[in-house]
Structures are given as structure tokens and as C-alpha cells.
Amino acid sequence: MAKLLRGFRDLFEEEAQKLTTVEKAARSVFKIYGAKELRLPTLELKEIFIKATGQTTDIVQKEMYAFEDGGGRLVAMRPEGTPGVARAYIENNFQENPLQKFFYIGNMFRAERPQAGRYREFEQIGLEYIGNASPAADAEVILMLKAIFDKLGVKNYKVKINSIGCKECRPKFREDLIKFFTAQKDSLCEKCQTRLEVNPLRVLDCKIDGPKFTQSAPKQILCPACQKHFDEVKKYLDGKVPFEVDPCLVRGLDYYTKTVFEFQADIAGAQNALAAGGRYDDLIASMGGPKVPAVGWALGAERVALASSFEEQKSKTIFVVSVEESANNYAFNILQTLREKGLSAQGGLFDKNLKAQMKQANKINASYAIIVGGNEVSKNTAVLKDLTSGEQKELSLNDLLANLEGK
Ligand code: AMP
């Protein structure tokens, strides 16, 4: 039997439309902020994700769809966009023009346990601002996300920010955490017991263990440069978007430095992280590229659509009906003219009788029907029927078009 894979979905009109609306809102914000589109391949060398996303992350350890291709290369379906953007940046020699603001829209793949708002194939819209080390860039990308959320009418979202330091100050924090959690290893969940040594920061944002240790866990002591950076990010954001500093926000990916942030909202029964990101000043160099700072984020289009309160603009559809074979060509020409004028028009079911054609017009919720037969052909007219009020009138073709264009 033909059967869908678990965690994968077919998205029909209504759901697909919601994603398109989220994409449109994002695109309009990207335009204002000068971000340029980058379309990336779905498949990359697995190595790219191991290097960038990080060997110790859940994504790389167990969630990637990775396989050996026909040429014996180890490849992976992209689980996220940033490694691909970094790879593209390096390969295309942006040294001449290091300041780049890219956005991407595309599907990502993660073999996670499916649940509401968590799928194995999902859409991310991402933004990467490369080449600006200033805290103003961190604030700018956060404000772009806010602009998208506001456009879509996402209500009651929270913005959480934190700084996880840099190569100078993070190792000490890591050590402190390992020491602290090792002393109480027995009270950690199974997952955290195993990741304690490799990725102790993750214990802090574990759904089970995180809340237990929010108060007592050692706090990150930032080096003066990271502290200054973080203070300035907060200053830039002040008064522009409400935010909370959450010392337990650490993010699951390895490449972040300094600022990390997450946009959260309660969606009934679903995951609450709508978008997340941070600064990654060392990533591009660590992948063999130039030493260039960067900051970015990705939003989950499905979750943002779930949290949005936009009203769909339903376009009015006109349904063209022919009641006689001798009028079919005339009706077909009307149908095409309407479409060429940019009106949403359907019909062409000319092998069916009037009743069946009208039934279809009602089924698709058409606003108007245009009905023609031999009589109308000879007079160069058509009958326009308002399917809401039931009213109908015969009009010349010119009047008909003028009438409909204004609707
Ligand atoms: P991440 O790349 O893990 O930082 O995720 C960024 C955003 O992508 C999250 O805030 C979610 O909105 C979305 N996302 C991540 N994983 C999934 C998933 N499995 N299903 C749906 N959305 C997801």
C-alpha cells in the first residue's frame, strides 16, 4: 500500500497557504533589511554538519538522515541551514565583500520523535548576517524576527536572550558545570547522564533537568569583552522589544558564541520554540574559511503559522459555464481572458451538463458564475450570476469584464 512515512506530511491547500503567508511576511521584512536570498542544496556532505552543527549534538548523533551515495560519499539531508550557508560563503570567496546578509527558505530533515509541531521534515526560514561583529547586528537580527512575528499577528510571544561567552570564558563555565553535575549525576535524567561530559551546557536546557537546576547551577562568568557585548545588545534592544535574560538558555548547537536567543509562544499542545538563533563568530573559520563574525536565526515556519492570527484573504473565483456545445469555444475564450486579466477563474467542464457545472461552482465556493449558450454567442453577451445573492443579469462582454474587474 502507498503509505506516508512517519513524521512526514502532505500539505494540502489550506496548510500550504499558511506557510506561503509566513514566507511572504518574512520576505517583506528581508527586503526592508536588505537580506538577499540564498537557495541551498538539500543534500550536503555529512562532514559539513559534523563539523558545524557539532559532533556532540543530538542532531548529529542521532537525528540526521545520512547515507552513502552511489559514489561512496557520506552525505546527509540538511538538518539545518547555517552549515550550508557557511559552506557556500567559504566556497564562493566572499573575502572581497565580507559583509553579507543572506536569507534562506527550505525544508530541513531531522529523525526526531514526531509530535504536535515537531516533524521529521519541516520548513525553516533563516537569516544569516555575516561580517558584522557589532552587537548592533545581534539586535538587528532579533528585531527582524520581531517584525515578522508582528506582521503575522503572533501574540504573546516571549523573547529570551543569553550570552554563552566565547573561547576565552566558556571553557571555565563548562568545567564548573561538569563538576557541579557530576556531583549529582544520579539525579540527572538518563540522557543528561550520558551527555554530561560531552555537552554539559545542554543539561541546562533539558526539559527534565533544566528547571531543577536553574537556581543552583553555576552561572556563566563572561569575560569583559563578552560582558560588554551582551550589555550593548541589551541596550540596543531596550524599548524596541520586550525580552528576558535567561541564564539557562544555551541552545543545542555547538557553534554559538556570545549572544543566543529564542522566541517562544504557547501553542496548544505543541512545541513552544518558534525561532532561535545566536552569534557564531568562530564557525566559518573552523570550517576552513576566513575569520569572519556572524549572527543569525532560523524560524520554524509550521510553528509560526500555528501561532499566527492572520486572516486568509480568500480570492473571489469566477466559474465559467457553457450550456451548449456550440458555445464551448466562446466560453473557453472568456475563461482565458479572465485569467489573462489576473482574475481567478475556473470552469471548462464542458463535457458536463449545466447542473453538474453549477454544482462544481458551488463546491469551490465561487463568487460568480458566467453562463453562456448559443444565444449569448450570437449576441456577444454572457449571463453573470452572483452566487451569493442568486441575482443574474445579461451583459455585453465588455461590460462583463468591467463589472468583474472592480470586484
Ligand atoms: P533549531 O535549528 O533547532 O534552532 O530550530 C529553529 C526552529 O526550527 C525552532 O525554533 C522550531 O520552530 C523549528 N524546528 C526545529 N525542529 C523542528 C521540527 N522537528 N519540526 C518542526 N519545527 C522544528
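Up top is the structure these notes are about.
As the structure is a prediction and not an experimental result, all values here were calculated from the model. (Residues numbered from 1 in each chain as written. Predicted model: local features only at pLDDT ≥ 70, side-chain atom pairs only at ≥ 80, totals over all residues. Heavy atoms only, no water.)

Caption draft 1: Fine view of the packing of aromatic side chains. Taken as a whole and judged by the stated rule, the model has 13 aromatic pairs. Aromatic side chains tyrosine 89 and phenylalanine 94 sit 5.2 Å apart centroid to centroid with 20° between the ring planes, which places their arrangement in the stacked category. Above the face of the tyrosine 119 ring, arginine 9 is positioned so that its terminal group lies 3.5 Å from the ring centre. The ring of tyrosine 129 carries lysine 101 above its face, with NZ or CZ at 4.7 Å from the centroid. (Phe/Tyr/Trp six-rings, centres within 6.5 Å; stacked < 30°, edge-to-face > 60°. Lys NZ or Arg CZ within 6 Å of the ring centre and 35° of its normal.)

Caption draft 2: A look at the packing of helix 1 (residues 13–33) against helix 5 (residues 135–151). The geometry of helix 1 relative to helix 5 is characterised by a closest axis approach of 9 Å and an angle of 140° between their N-to-C directions. As the angle between them shows, helix 1 and helix 5 are arranged oblique. For the crossing formed where helix 1 meets helix 5, the hand is right-handed. The residues of helix 5 that touch helix 1, namely those facing Ala25, Ala26, Ser28, Val29, Phe30 and Tyr33, are Glu140, Leu143, Met144, Ala147, Ile148 and Lys151. (Axes fitted to C-alpha atoms, helices over the stretch in contact; angles between N-to-C directions. Helix = DSSP H or I, 4+ residues; strand = E, 2+ residues; numbered from the N terminus. Parallel < 35°, antiparallel > 145°, perpendicular 65-115°, else oblique. Left-handed = near helix turned anticlockwise from the far one by under 90°. Contact = heavy atoms within 4.5 Å.)

Caption draft 3: Focus on the site of the ligand. In the vicinity of the ligand lie 15 residues, with Arg110, Glu112, Tyr119, Arg251 and Leu274 positioned nearest. Backbone polar atom of alanine 273 to an oxygen atom of the ligand: 3.0 Å apart, as the coordinates give it. Alanine 275 is positioned with one of its backbone polar atoms (N or O) 3.3 Å from an oxygen atom of the ligand. For the shell around the ligand, the secondary-structure elements that each account for two or more residues are strand 6 (121–130), strand 10 (273–279) and strand 11 (294–300). With four residues, strand 10 is the largest single contributor of residues to the shell around the ligand. Here the residues of the shell around the ligand sort into seven nonpolar, three polar and five charged. (Near = heavy atom within 4 Å. Polar contact = N/O pair within 3.5 Å; in protein donor to acceptor, adjacent residues only side chain to side chain. Nonpolar A, V, L, I, M, F, W, Y, C, P; charged D, E, K, R; others polar.)

Caption draft 4: Seen up close, the environment of asparagine 156. With respect to the helices and strands, asparagine 156 occurs in the loop between helix 5 and strand 7 (158–163). C-alpha of asparagine 156 to C-alpha of asparagine 403: the two residues are 247 residues apart in sequence and 43 Å apart in space. Excluding residues within four positions of it along the chain, asparagine 156 makes contact with Gln264 and Ala265.

Caption draft 5: Broad picture of the sheet that holds strand 3 (residues 66–68). Read across the open sheet, the three strands follow the order 2-4-3; overall the sheet is antiparallel. At either end of the open sheet lies a strand with only one pairing partner, and these are strand 2 (43–45) and strand 3. In this sheet, adjacent strand axes meet at a mean angle of 35° when their direction is disregarded. (Pairing = 2+ DSSP bridges.)

Caption draft 6: Structural context of the pattern of salt bridges. On inspection of all chains with the given rule, the structure shows 23 salt bridges. Across the salt bridge formed by arginine 87 and glutamate 44, the nearest N and O atoms sit 2.7 Å from each other. One end of the pair, arginine 87, is in helix 4 (residues 82–91); the other, glutamate 44, is in strand 2, and 43 residues separate them in sequence. Here the two residues arginine 87 and glutamate 44 agree in accessibility, since each one is buried. Taking the shortest distance from any N to any O, the salt bridge between lysine 212 and aspartate 209 comes out at 3.1 Å. Salt bridges linked by common partners bring Asp58, Lys62, Lys191 and Arg202 together as one network. (Salt bridge = Lys/Arg side-chain N within 4 Å of Asp/Glu carboxyl O. Buried < 20%, exposed > 50% of the residue type's maximum accessible area, 1.4 Å probe, protein only.)

Caption draft 7: Highlighting helix 1. Taking 1.5 Å per residue as the helical rise, helix 1 with its 21 residues ought to reach 30 Å, and the 30 Å between its terminal C-alpha atoms agrees with that figure. Of all the residues in helix 1, the buried ones are Leu19, Thr21, Val22, Glu23, Ala25, Ala26, Val29 and Phe30. On its buried face, helix 1 is in contact with strand 5 (100–109), strand 6, helix 5, strand 11 and helix 12 (301–307). Glycine 34 occupies a position one or two residues after helix 1 and carries a positive phi of about 75°. (Expected span 1.5 Å × (residues − 1).)

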